[in-house]
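# Architecture and fold: a report
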Amino acid sequence: TVCDFRLSYGRLFGRGAAVVAVNRNREQLLRNSDVFWTPRLALQGDPASLLVALSRSLPGFGCPRPWLQRLREAEEEKERQNRAKAAVPPPCHLNPLMVLRALDRLLPPQSLLVADGGDFVGTAAYTVRPRQPRGWMDPGPFGTLGVGGGFALGAKLCRPEAEVWVLFGDGSLGYSLMEFDTFVRHKVPVIALVGNDAGWTQISREQLPLLGSAVGCGLSYSDYHAVAAALGGRGFILDSAGDNGGDGVGDSVGASVGDGVGDSVGDGVGDGVGDSVGDGVGDGVGDSAGDSAGDGVGDSLGDSVGDGAGASERRVVAVLRAAQAECHRGRPVLVNALLGPSDFRQGSVSV
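Anyway, here's the lowdown on the structure attached to this text. (Residues numbered from 1 in each chain as written. Predicted model: local features only at pLDDT ≥ 70, side-chain atom pairs only at ≥ 80, totals over all residues. Heavy atoms only, no water.)

Right, let's talk about helix H6 (residues 148–158) for a bit. All buried positions along H6 are accounted for by Gly148, Gly149, Ala152, Ala155 and Lys156. All buried residues of H6 project into a common sector of 135° when viewed along the axis, lining one side. The outward face of H6, more than 90 degrees from its buried face, is lined by the exposed residues Leu157 and Cys158. Packing partners of the buried residues in H6 comprise strand E3 (112–116), strand E4 (136–137), strand E5 (164–169) and helix H7 (179–185). (Buried < 20%, exposed > 50% of the residue type's maximum accessible area, 1.4 Å probe, protein only. Helix = DSSP H or I, 4+ residues; strand = E, 2+ residues; numbered from the N terminus. Arc of directions from axis to C-beta. Contact = heavy atoms within 4.5 Å.)

Looking now at the pairing of strand E9 (residues 333–338). The element E9 is extensively covered by neighbouring structure, given that 6 of its 6 residues are classed as buried. Taking every second residue as pointing to the same face, both faces of E9 are buried, with Val333, Val335 and Ala337 on one and Leu334, Asn336 and Leu338 on the other. Here strand E6 (residues 191–196) runs beside E9; their pairing, made up of 6 bridges, is parallel. Within E9, the position partnered with Ala192 by the bridge is Leu334. Pairing of strand E7 (residues 234–238) with E9 involves 5 bridges; the strand directions are parallel. (Pairing = 2+ DSSP bridges.)

Right, let's get into a nonpolar patch on the surface. Taken together, the side chains of Phe5, Tyr9, Val35, Phe36 and Phe142 define a hydrophobic patch exposed on the protein surface, amounting to about 550 Å² of accessible area. You can see Tyr9 is positioned in the segment before strand E1 (20–23). For Tyr9, a relative accessible area of 35% gives the class partly exposed. (Patch = residues over 30% accessible without salt bridge, like charges linked within 9 Å, V, L, I, M, F, W, Y side chains within 5 Å. Areas by Shrake-Rupley, 256 points an atom, 1.4 Å probe, with all protein chains shown as cover. Salt bridge = Lys/Arg side-chain N within 4 Å of Asp/Glu carboxyl O.)

The structure is reproduced here in structure tokens:
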């Protein structure tokens, strides 16, 4: 990588640290050097090939066990803090950490993840684990938003057996939403999960304390799911208990838009045979949320979520499973998840 804003241009390196820089490009190799850092060794070449060769040249080498143990303990503590933050309901709508942790539990081994956003994608990077090498594609170090639709299209065409998820921020979705027309016309079933917090939140996180104003950062809790449905896809709105999605599109949390058959998650999904969340999702065997969604284990959705999970989390899982079922039937899907405020990424760099 390049020593840029992500490494505070070298300010993060410890004093006396030996820095080895490796890059295929000579100009990028030394970019931003000799201000806060100077490479002890600069190698022009492929970083991956170098690491493989280095590993082969050091048989039997291992890092000090106490150091590895400290790293594991720090990672476990961070995960504990993230779990605690995910369990705190925001004043309105849904907790983004909770939504993404629920997604992480449902991803199959053959899934591919496309990330196109700022704050929501930054949160996903801490929460959602790619299931395979080269299983995560994002805008890259410069945050070039708008890649989501094209990346998802290419991923699904190259790997038709994969379950392709696109994690959109509501700002970045503006660049790709019309690609649902492409997905429908060319029969490319992908699932878009939109983190809709009604704003360019990554920008406002730094702009507001720096400039005292969030001007230009506000968006609306728009009905993106209805747009996807109007283009021939399937749309779901996902919100906390008692909210109907802002402008009243759905009569209940997780109302689906598409064929206009049902008022709750599961109604009109597939053959429209069910009366409750989860009916008709999968093989239609069960009578309650969670039956037939996945492997049918357990009598309620709570069996697969965890003993302490709340109603909001169970609804999130039910809607995400319904989206998976629609995708497996060959329809592109958009899940419009309305998010409340979160301080998880407070202080992140964006401007």
